[in-house]
Amino acid sequence: MTIEQLLDNLKNMKKTQPDTTTKSTQLPAKQRIVEAAIEMFNQQGTLAVSTNHIAKHAGVSPGTLYYHFRTKNDIIYAIMEKIRGYDQQVFTDISAHPSQDKLAFFNFVLQSINRHNWQFRFFKRDMTALCAGDEELARRYGQFQQSRIEYLQQFIKFAILIEIFKPISSDTLQFLANQLWLNVHYWNLHLVNNNREVNQQNIAELETCIRHLLLPYFTDPIALKVQEQLDNKEIE
């Protein structure tokens, strides 16, 4: 399979395209509601925020909100789709990133992960607890998680193809995709469980964890450079 085919696989998986260039005041009401919910959930937590709070923050009436979303969970479902769209944009950016400098490419991926964990930090922090009391949300969340693991599998194949990673077996590929997902998705919850603030500095520590996790799988030239990054981080 060629690099182009792998990138097409990444792009064509279920997605929605986010609009990150339009100012919130210019967005349609439905999008303003979703953006307002993300902002409030990030700042206050999902349990503390009601649909009336969201409507007020979005600058719409409660009736307008209920026209688009019957419940708060319906808004969360919409946010899941927005995250799919964010992931699609990341992979679009990856396809445009020069792959000649493979370490720069890998660093770009790590930075994209950090942006994702910050932009949707409530989602990574709160979803396990939310799903415990909602069977439908748990079902959709399970589907969402599986689709993200499939994304990671495609990314690993791509990284092997451009010789960032060594060739690995299909079992190892599955294992590595699952390990990456656990690290990426549950890092924010890990911070909370250890009484640490979910801020950008602490989220960025995930980069070091991922470098350690992936170190045995890099090709030798990349492994040497990543080890140097890790050694410099320890000196700091």
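Our subject is the structure listed above.
A short tour of the structure in this document, coming up. (Residues numbered from 1 in each chain as written. Predicted model: local features only at pLDDT ≥ 70, side-chain atom pairs only at ≥ 80, totals over all residues. Heavy atoms only, no water.)

## Concerning the overall build of the protein
Consideration 1: For the protein, the helix and strand inventory stands at 12 helices and zero strands.
Consideration 2: Its helices and strands in sequence order give the protein the pattern α-α-α-α-α-α-α-α-α-α-α-α, from N to C terminus.
Consideration 3: Put simply, the protein has 236 residues, and 47% of those count as buried.
Consideration 4: When the accessible area of the protein is evaluated, it comes to approximately 12300 Å², of which 51% is carbon and sulfur surface. (Helix = DSSP H or I, 4+ residues; strand = E, 2+ residues; numbered from the N terminus. Buried < 20%, exposed > 50% of the residue type's maximum accessible area, 1.4 Å probe, protein only. Areas by Shrake-Rupley, 256 points an atom, 1.4 Å probe, with all protein chains shown as cover.)

## Let's talk about the pattern of salt bridges
Consideration 1: One pass over the structure, following the stated rule, counts nine salt bridges.
Consideration 2: One salt bridge connects Glu35 with Lys82, and the closest N-O pair in it is separated by 2.8 Å. With a gap of 47 residues between them, Glu35 in helix α2 (residues 29-44) and Lys82 in helix α5 (residues 72-96) connect regions that are remote in the sequence.
Consideration 3: On the basis of relative accessible area, Glu35 is assigned to the partly exposed category, the value being 27%. (Salt bridge = Lys/Arg side-chain N within 4 Å of Asp/Glu carboxyl O.)

## Points about the layout of surface pockets
Any empty space left between the atoms is revealed when a probe the size of a water molecule rolls over them.
Consideration 1: The volume enclosed by the second largest pocket comes to roughly 220 Å³.
Consideration 2: Along the walls of the second largest pocket sit 11 residues, with Ala204, Glu207, Thr208, Arg211 and Lys233 positioned nearest its centre.
Consideration 3: Of all the elements in the fold, those that place two or more residues in the lining of the second largest pocket are α10 (200-204), α11 (206-214) and α12 (220-235).
Consideration 4: Counting residues per element, the lining of the second largest pocket draws most heavily on α12, which supplies four residues.
Consideration 5: Across the lining of the second largest pocket, the residue classes tally to two nonpolar, four polar and five charged. (1 Å grid on protein atoms, 1.4 Å probe; cavity = no way out; pocket = protein on both sides within 12 Å on 5 of 7 lines; lining within 4 Å. Points joined across faces, edges and corners; volume = space filled by probe spheres on them. Nonpolar A, V, L, I, M, F, W, Y, C, P; charged D, E, K, R; others polar.)

## A word on the side chain of Ser112
Consideration 1: Relative to the elements of secondary structure, Ser112 occurs in helix α6 (residues 102-119).
Consideration 2: Taking the relative accessible area as the measure of exposure, Ser112 reaches 3% and is therefore buried.

## Description of the packing of aromatic side chains
Consideration 1: Under the definition given, this model contains nine aromatic pairs.
Consideration 2: Their ring planes at 45° and their centres at 5.4 Å tell us that Phe165 and Phe218 sit as a pair that is tilted. Of the two residues, Phe165 sits in the loop between α8 (135-161) and α9 (170-193) while Phe218 sits in the loop between α11 and α12, which places them 53 residues apart along the sequence. Across this residue pair, the class does not change: Phe165 and Phe218 are buried.
Consideration 3: A network of ring pairs unites the aromatic residues Phe41, Phe122, Phe123, Tyr141, Phe144 and Trp181 as a single cluster.
Consideration 4: The ring of Phe144 is capped by Arg148, whose NZ or CZ atom sits 5.3 Å from the centre of that ring. (Phe/Tyr/Trp six-rings, centres within 6.5 Å; stacked < 30°, edge-to-face > 60°. Lys NZ or Arg CZ within 6 Å of the ring centre and 35° of its normal.)

## Here's the deal with the environment of Ala138
Consideration 1: Examined against the element boundaries, Ala138 turns out to sit in helix α8.
Consideration 2: What makes Ala138 partly exposed here is its relative accessible area of 33%.
Consideration 3: On a C-alpha basis, the gap between Ala138 and Met127 in space is 8.8 Å, while along the polypeptide they are 11 residues apart.

## Remarks on the environment of Ile33
Consideration 1: With respect to the helices and strands, the residue Ile33 is situated in helix α2.
Consideration 2: Along the primary structure Ile33 and Ile75 are separated by 42 residues, whereas in three dimensions their C-alpha atoms are 8.0 Å apart.
Consideration 3: If we skip the residues at most four places from it in the chain, Ile33 touches Ile54, Ala58, Val60, Thr64, Leu65, His68, Phe69 and Ile75. (Contact = heavy atoms within 4.5 Å.)

## Section: the nonpolar core
Consideration 1: Judged by nonpolar contacts, the single largest core of 67 residues is most densely connected at Ile54, Ile79, Phe123, Met127, Ile210, Leu214 and Phe218.
Consideration 2: Looking at this core, the element that brings in the most residues is α8, giving nine residues.
Consideration 3: Excluding residues that lie within four positions of it along the chain, Ile54 makes contacts with Ile33, Ala36, Ala37, Met40, Phe41, Val49, Leu65 and Ile75. (Core = buried A, V, L, I, M, F, W, Y, C linked by side-chain atoms within 4.5 Å.)

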